[in-house]
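If you want the building blocks of each chain, they are given just below.
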Amino acid sequence: MNVRRSVASVLLIVVVLAATLTGCDIHGPDPTEASVTAPLGPFATASTTVAAGNGFGGGTIYYPTTTSEGRFGGVAIVPGFTESQSAISWYGPRLASQGFVVFTIDTNGIFDFPPARGDQLLAALTYLTTTSTVASRVDPNRLAVMGHSMGGGGALDAASKNKALKAAIPLAGWNTTTNWAANVTPTLVVACQNDAIAQVASHSKPFYDSITSEKAFLELAGADHSCPNTANTTIAKYVISWLKRFVDGDARYTQFLCPPPAAGGTISRYLSTCPY
Ligand code: 9J3
């Protein structure tokens, strides 16, 4: 009997059991300001493309290559009106390298409205966790949705339809529905201060105000509607922290969310329901 191996086995069982009971599954080293703002996180990643079909327009799955960390949370991300996945592809490697399986998708039609984009996010998550080549790497109980503009509106729609989602992140979200009080999903609303297409005062701010679950509102100073479309350190920091905190249940990331940051620099406004 190898005592060291037995001790290791018992420890592993305890960790897995604790993670199962607490709904928490942490990945990666203890985070720092440098790690949440880095261009890439600690995990090596690979990607695989998916053809159109299965209820959405295909996409690209970015995933950590390690198979010795258990399953990772899954995140589906949809672009906005007339956009393709290139508008949101920077989140793929950025978030996957922090320990998520990330699915950036195209839509069935580039003119699809938010409810259709929400349905396609949910279809993409179903595909990701059941038939995709990386299905075994994804925890079907730890899923999140994100989207830009009408895709952000779609993320709110998706969360209203699937109460099991662990996080929703509309990015410069656009939706004619502004009351999301029935959503139970922890939601990070990302807004661009000078957005002339999805004006903050008629979209992101009313979304945020209506939400009754755990929430935060991050407004990027001086930014326009496209502010979530290219690599942005501030957006990445809060998106990573939100997903870690609410998809993985990883309390190590609470330090980046609560107490909330003061306005200044790249942040024109930040609101939250801290503590969480
Ligand atoms: O970029 C978007 O998805 C948004 C919004 C828009 O142009 O709506 C007009 C109908």
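Right above here is the structure, for reference.
Peer 1: Go over the overall build of the chain with me, naming the residues and quoting the values.
Peer 2: From N to C terminus, the chain includes 7 helices and 9 strands. In terms of C-alpha radius of gyration, the chain reaches 18 Å, essentially the compact-globule figure of 19 Å for 276 residues. Each principal axis of the C-alpha atoms in the chain carries an extent, and together these give about 70 × 45 × 35 Å. By sequence separation, contacts in the chain at least 24 residues apart represent 69% of the contacts at least 6 residues apart. Put simply, the chain has 17 plus and 17 minus side-chain charges, and the middle of one group is 7 Å from the middle of the other.

Peer 1: I'd like a description of helix α4 (residues 114-130), backed by residues and values.
Peer 2: In an α-helix, one turn spans 3.6 residues, which is why side chains three or four residues apart end up on the same side. Its 17 residues give α4 an end-to-end C-alpha distance of 24 Å, which sits within 8% of 24 Å, the value for a rise of 1.5 Å per residue. With respect to burial, α4 is a largely interior element, 12 of its 17 residues being buried. Against the buried residues of α4 lie β1 (45-50), β2 (59-64), β3 (72-78), β4 (100-105), β5 (138-148) and α5 (150-161).

Peer 1: Got a sec to walk through the environment of valine 138? Specific residues and values, please.
Peer 2: Along the chain, the position of valine 138 falls in strand β5. The exposure class of valine 138 is buried, given its relative accessible area of 0%. Separated by 33 residues in the primary sequence, valine 138 and leucine 171 place their C-alpha atoms 23 Å from one another. Those residues in contact with valine 138 that lie beyond four places of it in its chain are Arg71, Phe72, Gly73, Gly74, Val101, Leu128, Thr129 and Leu143.

Peer 1: Now, about the pattern of salt bridges: what can you tell me, with residues and values included?
Peer 2: Any two side chains of opposite charge can pair, so long as their charged atoms come close to each other. For the coordinates displayed, the defined rule picks out 9 salt bridges. Of the charged contacts in the structure, one is a salt bridge between aspartate 30 and arginine 252, with a shortest N-O distance of 3.0 Å. Here aspartate 30 is found in the loop between α1 (3-22) and α2 (33-37), whereas its partner arginine 252 is found in the loop between α7 (233-246) and β9 (267-272), with 222 residues between them in sequence. On the accessibility criterion, aspartate 30 (58% relative accessible area) is exposed. Notably, a salt bridge pairs arginine 142 with aspartate 139, separated by 2.8 Å at the nearest N-O pair. Classification of arginine 142 as buried rests on a relative accessible area of 4%. Salt bridges sharing partners connect three or more residues here, namely Asp25, Asp139, Arg142 and Asp248.

Peer 1: Describe the site of the ligand, with residues and values.
Peer 2: Surrounding the ligand, one finds Gly80, Phe81, Ser149, Met150, Trp174, Ile197 and His225. At a separation of 2.7 Å, an oxygen atom of the ligand approaches a polar backbone atom of phenylalanine 81. Take serine 149: an N or O atom from its side chain is 2.5 Å from an oxygen atom of the ligand. Summarising the interface, the protein chains cover 74% of the accessible area of the ligand, which totals 320 Å² for the free molecule.

Peer 1: Account for the state of the cysteines, naming residues and giving values.
Peer 2: Scanning the model with the defined rule gives 2 disulfides in all. Here cysteine 192 connects covalently by a disulfide to cysteine 227, the sulfurs 2.2 Å from one another. Sign of the S-S torsion, about -80 degrees for the bond between cysteine 192 and cysteine 227, identifies this disulfide as left-handed. Separated by 35 residues along the polypeptide, cysteine 192 in strand β7 (residues 187-192) and cysteine 227 in the loop between β8 (215-220) and α7 bring together distant segments of the chain.

Peer 1: Please provide a residue-by-residue account of the pairing of strand β6 (residues 167-171), values included.
Peer 2: For a regular strand, side-chain orientation follows a simple rule: the groups alternate between the two sheet faces. With respect to burial, β6 is a largely interior element, 5 of its 5 residues being buried. Burial along β6 is two-sided: Ala167, Ile169 and Leu171 and Ala168 and Pro170, pointing in opposite directions, are all buried. Sheet topology note: the β5/β6 ladder contains 5 bridges and is parallel. From the neighbouring strand, histidine 148 faces β6, where its bridge partner is leucine 171.

Peer 1: Tell me about the nonpolar core, residues and numbers included.
Peer 2: If you look at the biggest cluster of nonpolar residues, it comprises 41 residues, and the most contacted ones within it are Met146 and Leu243. It is α7 that contributes the most residues to this core, 8 residues altogether. Listed in part, the 27 residues of the second largest apolar core include Val50, Leu125, Tyr127 and Ala155.

Conventions adopted
- Residues numbered from 1 in each chain as written.
- Predicted model: local features only at pLDDT ≥ 70, side-chain atom pairs only at ≥ 80, totals over all residues.
- Heavy atoms only, no water.
- Helix = DSSP H or I, 4+ residues; strand = E, 2+ residues; numbered from the N terminus.
- Rg over C-alpha atoms; globule rule 2.2 N^0.38 Å.
- Contact = heavy atoms within 4.5 Å.
- Lys, Arg positive; Asp, Glu negative; His and termini not counted.
- Charge placed at Lys NZ, Arg CZ, Asp CG, Glu CD.
- Expected span 1.5 Å × (residues − 1).
- Buried < 20%, exposed > 50% of the residue type's maximum accessible area, 1.4 Å probe, protein only.
- Salt bridge = Lys/Arg side-chain N within 4 Å of Asp/Glu carboxyl O.
- Near = heavy atom within 4 Å.
- Polar contact = N/O pair within 3.5 Å; in protein donor to acceptor, adjacent residues only side chain to side chain.
- Areas by Shrake-Rupley, 256 points an atom, 1.4 Å probe, with all protein chains shown as cover.
- Disulfide = S-S within 2.5 Å.
- Pairing = 2+ DSSP bridges.
- Core = buried A, V, L, I, M, F, W, Y, C linked by side-chain atoms within 4.5 Å.

Read these as spatial facts, not as claims about activity.
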